[in-house]
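Structure assessment
Listed below are the residues making up each chain.
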Amino acid sequence: MSKYVTAEEAVKVVKSGDRVYVQAAAATPTILTHALTQRASELRNVEICHLHTEGAAPYANPDLAESFHVNSFFIGANVRHTLKAGNGSYTPVFLSELPHLFRKKVLVLDVVFIHVSPPDRHGYCSLGVSVEATIAAIENAKIVIAQVNPNMPRTFGDGILHESEIDFLVLVDTPIHSHEVTPFTPQEEKIGEYVASLIEDRSTLQMGIGSIPNAALSKLTNHKDLGLHTEMFSDGVIDLIEKNVITCNYKGTTRGRVLATFLMGSKRLYDFVDDNSFIEMKESSAVNDTARIRKNPKMIAINSAIEVDLTGQVCADSIGGSMYSGVGGQMDFIRGASLSVGGKAIIALPSTTKRGETRIVPFLKQGAGVVTTRSHVQYVITEYGIADLYGKTLKQRVKALVDIAHPDHREAIENAYFDFMHIKKIF
């Protein structure tokens, strides 16, 4: 019997009470998730679990709560509403640890939905732009269903699997989920300049998607022999690779290769990584392993935050008690960079929200989660400068962080902290 079936036929194997893992980010197999949603009236208590996914998530409709429950390991905008509506939950987990939850059978998987390139002449497919925890999911799920898409780039590393490992293959021909590069603001450009000022030649970088990482990357064109060991990357690295700025020749792990676990960007990025042996895609348990990260000399971890309090506590996953995203790999890389010889752990964020509220705060909002503790943080950067907190007392930290807050808020946040703590302002 042929393994090639329609999406509707493939998802018939999902039963009530099953747990389904969905490949993440730009590789989200939305044709399969949409087909499964069409079976809502036939199903009850199906758990759909995943990291951040792209595209519509119709199974997350609260009206389908009896059929589907969403379990997010990193919360995307398409399912964020489920936590308040009651048809969704959040499982806090380091990205480095997620594959182990499947291998240890802490979370038993029944079905996994994946998105792959077509088999080559030897029968091998590629997971393309997103490996993360998908290999562990494939190894431990009872049934593997794949979208097979000629638009999926073939990438090297852990994400190569033989079609014999797949139970059902669904042929599709749709664009990969993409994010176009957007111009960065003067504020973001200034933050990028400060970040770049901390990066030396032969450093290895970890940075994510967005305007601040791209702004920082744009300032590195005169650097030499940079490396890239990062949980994810976007278009900002392409020019640096093509200009021989990122060579990866001085990394401590996978020397001579870029190392990542997923990527997301424009079609230019997907064309660039297709069949490109300079790009190595590995499982998140390897890429985000602190012991491996620290082997890179001058490891630079650049992460962001929702807010930072005046003692250096970093909230990056919630707005008060409302979950917004997740732990992800921030602590994996913050700790790895901190332990690296010559490494630097950086939190970079605008000084204010879009509504003008300060993001350097006297105290985190009630219910806010601490992703990076005050004892882990080293550098905090806004458009107003760099606060070096490493080895600093609480009073020294307060002064350093007030100095990089927006001028309109500095006096208020400083007074609020000292008044509440009943501490004299003596520096």
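Structure's up top.
In this report, the structure presented in the accompanying data block is examined. All values derive from a computational prediction rather than experimental measurement.

Thoughts on the sheet that holds strand β16 (residues 279-281)
- Reading across from one edge, β8-β16-β14 is the order of the three strands in this open sheet, with parallel pairing throughout. Both outer strands of the open sheet, β8 (156-157) and β14 (258-260), are each paired with one neighbouring strand and no more.
- Where β14 and β16 come together, three bridges link them in parallel fashion. Looking at β16, one finds that Leu-259 is bridged to Glu-280.

Overview of the sheet that holds strand β23 (residues 360-361)
- If you walk across this open sheet you meet the three strands as β19-β18-β23, and the pairing is mixed. The open sheet has two free edges, formed respectively by β19 (314-315) and β23, since each of these has just one partner strand.
- Taken together, the two bridges between strand β18 (residues 307-309) and β23 define a ladder with parallel strand orientation. Directly across from Asp-309, in β23, lies its bridge partner Val-361.

With respect to the packing of helix α13 (residues 394-403) against helix α14 (residues 410-421)
- α14 packs onto α13 with a crossing angle of 160 degrees between their chain directions and a minimal axis gap of 9 Å. Between α13 and α14, the angle falls in the class roughly antiparallel. With respect to the hand of their crossing, α13 and α14 are arranged in right-handed fashion. Along the contact surface, α13 presents Leu-394, Val-398, Val-402 and Asp-403, while α14 presents Arg-410, Ile-413, Glu-414, Tyr-417 and Phe-418.

Quick look at the nonpolar core
- Judged by nonpolar contacts, the single largest core of 76 residues is most densely connected at Tyr-21, Phe-102, Ile-114 and Phe-233.
- With residues up to four places along the chain from it excluded, the contact list for Phe-233 reads Met-207, Leu-228, Val-258, Ala-260, Phe-262, Leu-263, Met-264, Leu-269, Val-273 and Ile-279.
- If you look at the next biggest cluster of nonpolar residues, it comprises 60 residues, including Leu-43, Ile-293, Ala-301 and Ala-345.

Notes on the environment of Ser-375
- Tracing the chain through its elements places Ser-375 in the loop between β23 and β24 (379-382).
- Between the alpha carbons of Ser-375 and Thr-311 there is a distance of 9.3 Å; along the sequence they are 64 residues apart.
- At 2.9 Å, the side chain of Ser-375 and the side chain of Thr-373 are in polar contact.

Calculation criteria
- Residues numbered from 1 in each chain as written.
- Predicted model: local features only at pLDDT ≥ 70, side-chain atom pairs only at ≥ 80, totals over all residues.
- Heavy atoms only, no water.
- Pairing = 2+ DSSP bridges.
- Helix = DSSP H or I, 4+ residues; strand = E, 2+ residues; numbered from the N terminus.
- Axes fitted to C-alpha atoms, helices over the stretch in contact; angles between N-to-C directions.
- Parallel < 35°, antiparallel > 145°, perpendicular 65-115°, else oblique.
- Left-handed = near helix turned anticlockwise from the far one by under 90°.
- Contact = heavy atoms within 4.5 Å.
- Core = buried A, V, L, I, M, F, W, Y, C linked by side-chain atoms within 4.5 Å.
- Buried < 20%, exposed > 50% of the residue type's maximum accessible area, 1.4 Å probe, protein only.
- Polar contact = N/O pair within 3.5 Å; in protein donor to acceptor, adjacent residues only side chain to side chain.

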